[in-house]
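Secondary and tertiary structure notes
For reference, the chains in residue letters:
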Amino acid sequence: MTVLNKHAPIKSKRVKRETQPEWFNVDIKNAIRNRDTHHQKKDWSQYKYWRNKTNSLIKLYKKDFFSKAVAENKDTTYIWKHIKNLGRQSEKSRMPTELIIDNQINDKQQDVVNKLNAYFANISETLKSSQNVEPHTDYEFNRLKNYIDILIPNDVIFRIPDMKLPDLISIIKTIDVTKATGLDGLSPKILKLSAEVVGPILLKLINISFQSGQFPDILKLAKLLPIHKGGADNDPSNYRPISILSVLSKVIEKHVTKHMFAFLNKYQVLHKSQSGFRKRYSCSTALINLVDRWLKSIDNGEVIGAIFFDLRKAFDVVDHELLLQKLSFYKFSNLSLNWVKSYLANRKQCIVERDISSLLQTVKSGVPQGSVLGPVLFLLFINDMPLFTSEVCVDVYADDTTMHAASKNYKTVENKLQVGANGFKNWCRTNKMYIHLQKTMQMTIGTRRNLTRTEQIKVYLDNDLIQTVNDQKLLGVIIDNSLSWDKQIDVVCLNITRRITLLKLLSKYIDKSNMIKYYNSYILPILDYGCMIWGRCTLANTNRLLKLQKRAARIILKADIMTPSQTMFNELQWLPFPARLQFHTCSMVYKALNDLAPDYIRDLFTKTSEAHTRNLRSVDNELLRVPNSKTTSFENSFTVSAAKQWNEIPFDIRTVSSLQSFKNALKTYLLKK
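Residues numbered from 1 in each chain as written. Predicted model: local features only at pLDDT ≥ 70, side-chain atom pairs only at ≥ 80, totals over all residues. Heavy atoms only, no water.

**Section: the packing of aromatic side chains**
Per the counting criterion, the structure on display carries 24 aromatic pairs. Ring plane angle 15 degrees and centroid distance 5.0 Å describe the contact between Phe141 and Phe329, whose orientation is recorded as stacked. Taken as a pair, Phe141 in the loop between α6 (123-130) and α7 (142-151) and Phe329 in helix α13 (residues 320-329) lie far apart in primary sequence, 188 residues in all. Taking relative accessible area as the criterion, Phe329 reaches 24% and is therefore assigned partly exposed. Both rings, one in Phe158 and one in Phe332, keep their centres 4.7 Å apart while their planes meet at 50 degrees; by these two values the pair is tilted. Within this pair, whereas Phe158 is found in the loop between α7 and α8 (165-173), its partner Phe332 is found in the loop between α13 and α14 (334-344), the two being separated by 174 residues in sequence. Each member of the pair Phe158 and Phe332 is classed as buried. An aromatic cluster is defined as three or more aromatic residues linked by ring pairs; in this entry it consists of Phe158, Phe263, Tyr267 and Phe332. A cation sits over an aromatic face here: Arg143 above Phe388, 4.5 Å from the ring centre. Sitting above the plane of the Tyr281 ring, Arg278 keeps its charged end 4.2 Å from the centroid. (Phe/Tyr/Trp six-rings, centres within 6.5 Å; stacked < 30°, edge-to-face > 60°. Helix = DSSP H or I, 4+ residues; strand = E, 2+ residues; numbered from the N terminus. Buried < 20%, exposed > 50% of the residue type's maximum accessible area, 1.4 Å probe, protein only. Lys NZ or Arg CZ within 6 Å of the ring centre and 35° of its normal.)

Dropping the structure here:
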């Protein structure tokens, strides 16, 4: 850092306002000065010239600014702020003005940052004392041991390998230079620029770390960014601590994480129910897997009971000693265990808010959120949880745990859920995790007719009844008890409408190409997210989504109300929502059939060649067998709809050699359809 400070020192610059509009520059400043000077002199011809010059420069630089903001996928809040000309005001602090802890109000800024940081650092002890839980019992390792013994041969050991120079340079070259700088002051940009020079020295130091089983203390310092999750802003439990780590720490962690995942994937160690932080897995695959099983149960005339568990500060309360014990069962070598132990031990953190910094606090539990290695360590910690729940199906995405059971008899469902809930509660108790009872919900799912006949399912955690709801948000999608998706589509339409309003305002400043970029970056992701789950909705809801697409197209093309939507879509090369849904559905099928999706998605489909021995035309064309359905609900499921839509597309598209080629050919086909 001494060399860096000598040759590339950080310089302070005085500005008139704390936050200037980002489109404001010296050209505009000079034009304003000339305008005002001639106004004072009452030289009206020159005043009018510089007034017009100032306005044209502002318009020009605003156009450049917003075009760049769209191209760089800036957050819509960021764009709104500048559209409203709020850039001249001071940026609102991320920190609350006051904090209530132990019924005491802390309203001095220094006290707020100190108390909030101390709350994060000691969260495990805080939850233990605040929740009236039974004493933690010893963890039973037999189930984990038996599970691992089946998967990993006895003579196999995981060791963190030394890093090679090409690998180090490759990791550094892929660093995102826009990421924040840690407490050590080394920016990602500087490291990336100097990779070839400092690479050999860094390589030696990194490999010494692996060979000694010691992680450098200087890289354990974290700058915390408290993210408000909602609720009262003076309640510390409503904040998520994101660790801004040294860029060097992330480089080392990427190497370790890569080899850990290679080991875990080779022996299929991660439980099949876990969809978080894994390649080929996503929120969409997790939701398809879950919802399609519910729809199949409804097709069988069953009702489903589901519990949506919420764990309090799950990442932050991971017990280090217990995690290391589990890693030993996952066949980590002693040296690798020592390295992970050193990585977790003696971590320190502080909150920096403008010119105020909290005291450093030593973290006593948890894996750092914002790190590269933290997620895989958490997956291994929670990986054994499904082994402790019986009678139910468990689906996990990171720490989001959903448990369900299905039967034609509601009492059977209730009993199974109670057994499963007891198992989950006992796992939490032995693993020092804490269930958030106020945010843990139960929902009975089925046809509207079956729901009116079914008595309320009651499941308890100890003596507390789990609250029953009619809809629940899971992985960003609102699920209602009849799987009608009306509430989810209401939210989708509202969010798209807000962004179309912003598009209308931006249309004054950006050209057609950048408006298209805005649509692709800010509106299309809302339309696409989870559409394979909720997109097969009523015709009325489909038309609502189509109208929003048409509205966006008219703004971009400056088209009048009489222009046919098909003409606009053809010019923009857009797929209407139903065709876009087919595009995503068939793309997922392609992934499933080509080992690019989780096994649970592949298992949804059967080729006719696998189902029939007779020489049928469908066998030669590699078509999929369409499952029989007794209800409209299952008819609209991903499994049934995907098989039908896949069979509709031409054979030469279905058999292309790569995913990108498939997507290109499929879009061309759907645009012509």
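That covers the picture; the talk isn't over yet.
**Remarks on a positive patch on the surface**
Among the surface-exposed residues, Lys296, Lys408, Arg625 and Lys630 lie close enough to one another that they form a single positively charged patch. With respect to the helices and strands, Lys630 occurs in the loop between α26 (617-620) and α27 (632-635). Accessibility expressed as a relative area gives 64% for Lys630, which makes it exposed. (Patch = residues over 30% accessible without salt bridge, like charges linked within 9 Å, V, L, I, M, F, W, Y side chains within 5 Å. Areas by Shrake-Rupley, 256 points an atom, 1.4 Å probe, with all protein chains shown as cover. Salt bridge = Lys/Arg side-chain N within 4 Å of Asp/Glu carboxyl O. Lys, Arg positive; Asp, Glu negative; His and termini not counted. Charge placed at Lys NZ, Arg CZ, Asp CG, Glu CD.)

**Section: the packing of helix α23 (residues 577-593) against helix α30 (residues 659-672)**
The interhelical angle for the contact between α23 and α30, taken along N-to-C directions, is 150 degrees, at an axis separation of 10 Å. Here α23 is positioned roughly antiparallel relative to α30, judged by the angle of their axes. Pair α23 / α30 crosses with right-handed handedness. For the pair α23 and α30, the contacting residues are Ala579, Gln582, Phe583, Cys586, Ser587, Tyr590 and Lys591 in the first and Leu659, Phe662, Lys663, Leu666, Lys667 and Leu670 in the second. Residue classes in the contact of α23 with α30 are distributed as eight nonpolar, two polar and three charged. (Axes fitted to C-alpha atoms, helices over the stretch in contact; angles between N-to-C directions. Parallel < 35°, antiparallel > 145°, perpendicular 65-115°, else oblique. Left-handed = near helix turned anticlockwise from the far one by under 90°. Contact = heavy atoms within 4.5 Å. Nonpolar A, V, L, I, M, F, W, Y, C, P; charged D, E, K, R; others polar.)

**Quick look at helix α22 (residues 565-572)**
Inspection of α22 places Met568, Phe569 and Leu572 among the buried residues, and these make up the whole buried set. Viewed along the axis of α22, the buried residues span an arc of 95 degrees, placing them on a single side of the element. On its buried face, α22 is in contact with α19 (512-528) and α21 (539-557). Following α22 by one or two positions, Gln573 adopts a phi angle in the positive range, close to 60 degrees. (Arc of directions from axis to C-beta.)

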